Amino acid sequence: MWINNQSSLDDFILLGFSDRPWLETPLFVIFLVAYIFALFGNVSIILVSHLDPQLDSPMYFFLSNLSLLDLCYTTSTVPQMLVNLRGPEKTITYGGCVVQLYIFLALGSTECILLAAMAFDRYVAICKPLHYPVIMNQRRCIHMATGTWISGFANSLVQSTLTMLTPRCGQRVIDHFFCEVPAVLKLACTDTRINEAELNVLGALLLLVPLAFILGTYVFIARAVMRIRSAESRWKAFNTCASHLLVVSLFYFTAISMYVQPPSSYSRDRGKSMALFYGIVTPTLNPFIYTLRNKDVKAALRRTLTKEFWVKRK
């Protein structure tokens, strides 16, 4: 690995995959393709959800929020990763690292709560269908979505501040491909047990509490679905929840394995692979999970594309 000796002492060095240089070109291509797919998939869902009147419902309102979140998620890390994979320098400025750490953590925290809000929406739709328009009215949906974003960014403000204020004694080599809490905290030259305890408590609250809520709502949903006599209606109710459950499983499995553990036990290889999964793979897959399993979204995409085609023809 070659690092420019002229880089500022305030910059951080992101080792990334420098110990395996033969991986850098293939990974550059993979990340670039994944980023393009993530942009295309998430932008498509956002546009279709807002342009198609048949998708004017709380479910698609929250789905468009999830797509916006995933769009920001990948944009906060992937462009910098692509630059570092192709260029001789593997650096990021101090300010860039702070911003990246804060935004990535804020979006991850927001997604924890947003997935819980989406589970509540499915619970009301299936368990209380007659009261659904009243309970999930537009004003309440906006308040719920706003609350998730505010909560996520407030949590990130606390965690990122605690992380960046930890003394590093001049250490600036981060064994990761972007600035993330466990990797940055490994640079600390003091006892970080108090920081780890605070971060673990906040991480557990934002990960395990929403997860417990999601699992609880699906217990009630499963009971309600089993009481439906029509097999076709049962399958339809299950199908509306399957995509959400798959997204929840992908996100929480990797996030819990990363953040509900002491950073001192942080494994660089596992940390990198898990970060790749929930930072790139999951945001790329989410829009396709919803579109491939959702007839309404696929139909809306066809209507939008057909409309654009005829407008151009005229």
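Residues numbered from 1 in each chain as written. Predicted model: local features only at pLDDT ≥ 70, side-chain atom pairs only at ≥ 80, totals over all residues. Heavy atoms only, no water.

A. Structural context of the overall build of the chain. Counting its secondary structure elements, the chain contains 11 helices and 3 strands. Counting from the amino terminus, helix and strand elements in the chain follow one another as β-α-α-α-β-α-α-α-β-α-α-α-α-α. In the chain, which comprises 314 residues, the share counted as buried stands at 49%. Taking the contacts inside the chain whose residues are at least 6 apart along the sequence as the reference set, 79% of them involve residues at least 24 apart. When the accessible area of the chain is evaluated, it comes to approximately 15800 Å², of which 67% is carbon and sulfur surface. (Helix = DSSP H or I, 4+ residues; strand = E, 2+ residues; numbered from the N terminus. Buried < 20%, exposed > 50% of the residue type's maximum accessible area, 1.4 Å probe, protein only. Contact = heavy atoms within 4.5 Å. Areas by Shrake-Rupley, 256 points an atom, 1.4 Å probe, with all protein chains shown as cover.)

B. Representation of the side chain of S64 within the structure. Relative to the assigned elements, S64 resides in helix α2 (residues 58-75). Polar contacts involving the side chain of S64 include one to the main-chain carbonyl oxygen of F61, which spans 2.7 Å. If we ignore the near neighbours within four places in the chain, the residues touching S64 are I46, S49 and H50. (Polar contact = N/O pair within 3.5 Å; in protein donor to acceptor, adjacent residues only side chain to side chain.)

C. Spotlight on a positive patch on the surface. Together, K236, K295, K298 and R302 give the surface a local cluster of positive charge. Among the elements that make up the positive patch, the one with the highest residue count is helix α11 (residues 295-313) (3 residues). Within the fold, K295 resides in helix α11. (Patch = residues over 30% accessible without salt bridge, like charges linked within 9 Å, V, L, I, M, F, W, Y side chains within 5 Å. Salt bridge = Lys/Arg side-chain N within 4 Å of Asp/Glu carboxyl O. Lys, Arg positive; Asp, Glu negative; His and termini not counted. Charge placed at Lys NZ, Arg CZ, Asp CG, Glu CD.)

D. Quick peek at empty space enclosed by the protein. Applying the stated criterion to the full structure yields 3 cavities of 30 Å³ or more. Reported here for the second largest cavity is a volume of approximately 90 Å³. With 3 residues, the single largest contributor to the lining of the second largest cavity is helix α3 (residues 78-86). Looking at the lining of the second largest cavity residue by residue, the classes come out as 6 nonpolar, 4 polar and 2 charged. (1 Å grid on protein atoms, 1.4 Å probe; cavity = no way out; pocket = protein on both sides within 12 Å on 5 of 7 lines; lining within 4 Å. Points joined across faces, edges and corners; volume = space filled by probe spheres on them. Nonpolar A, V, L, I, M, F, W, Y, C, P; charged D, E, K, R; others polar.)

E. Representation of the layout of surface pockets. Reported here for the largest pocket is a volume of approximately 610 Å³. Taken together, 21 residues form the lining of the largest pocket, with R122, K236, A237, T240 and D296 sitting closest to its centre. Per element, the largest residue contribution to the lining of the largest pocket is 8 residues, and it comes from helix α9 (residues 231-259). The space that makes up the second largest pocket amounts to roughly 280 Å³. D56, S57, P58, F61 and Q138 are, among the 17 residues lining the second largest pocket, the residues nearest its centre. Those elements that provide at least two residues to the lining of the second largest pocket are α1 (24-51), α2 and α6 (138-164). If you tally residues by element for the lining of the second largest pocket, the top one is α2, at 4 residues. Grouping the constituent residues of the lining of the second largest pocket by class yields 9 nonpolar, 6 polar and 2 charged.

F. Just a nonpolar patch on the surface, in detail. A surface patch of nonpolar side chains, amounting to about 250 Å² of accessible area, comprises V29, V33 and F37. Residue placement: F37 occurs in helix α1. Under the relative-accessibility criterion, F37 is labelled partly exposed at 44%.

G. Here's a closer look at the packing of helix α4 (residues 94-127) against α6. Here α4 crosses α6 at 145°, and the two axes come no closer than 7 Å. Two packed elements cross with a definite hand, and for α4 against α6 that hand is right-handed. For the contact of α4 with α6, a count of residues per class yields 16 nonpolar, 10 polar and no charged. (Axes fitted to C-alpha atoms, helices over the stretch in contact; angles between N-to-C directions. Left-handed = near helix turned anticlockwise from the far one by under 90°.)

H. The arrangement of the state of the cysteines in detail. Within the structure shown, the criterion is met by 2 disulfides. One disulfide in the model links C97 with C179; its S-S distance is 2.0 Å. Here C97 and C179 share a disulfide; its torsion about the S-S bond, -120°, makes the bridge left-handed. Placement of the pair is C97 in helix α4 and C179 in the loop between β3 (173-174) and α7 (181-185), with a sequence separation of 82 residues. With respect to class, C97 is no different from C179; both count as buried. Across the disulfide, C169 is cross-linked to C189 (sulfur-sulfur distance 1.8 Å). Judged by the sign of its S-S torsion, about 65°, the bond between C169 and C189 is right-handed. Separated by 20 residues along the polypeptide, C169 in the loop between α6 and β3 and C189 in the loop between α7 and α8 (193-226) bring together distant segments of the chain. (Disulfide = S-S within 2.5 Å.)

I. Local environment of α8. Its 34 residues give α8 an end-to-end C-alpha distance of 47 Å, which sits within 8% of 50 Å, the value for a rise of 1.5 Å per residue. Largest kink in α8: about 25°, centred on A204. (Expected span 1.5 Å × (residues − 1). Bend = angle between axes of the 7 residues up to and from the residue.)

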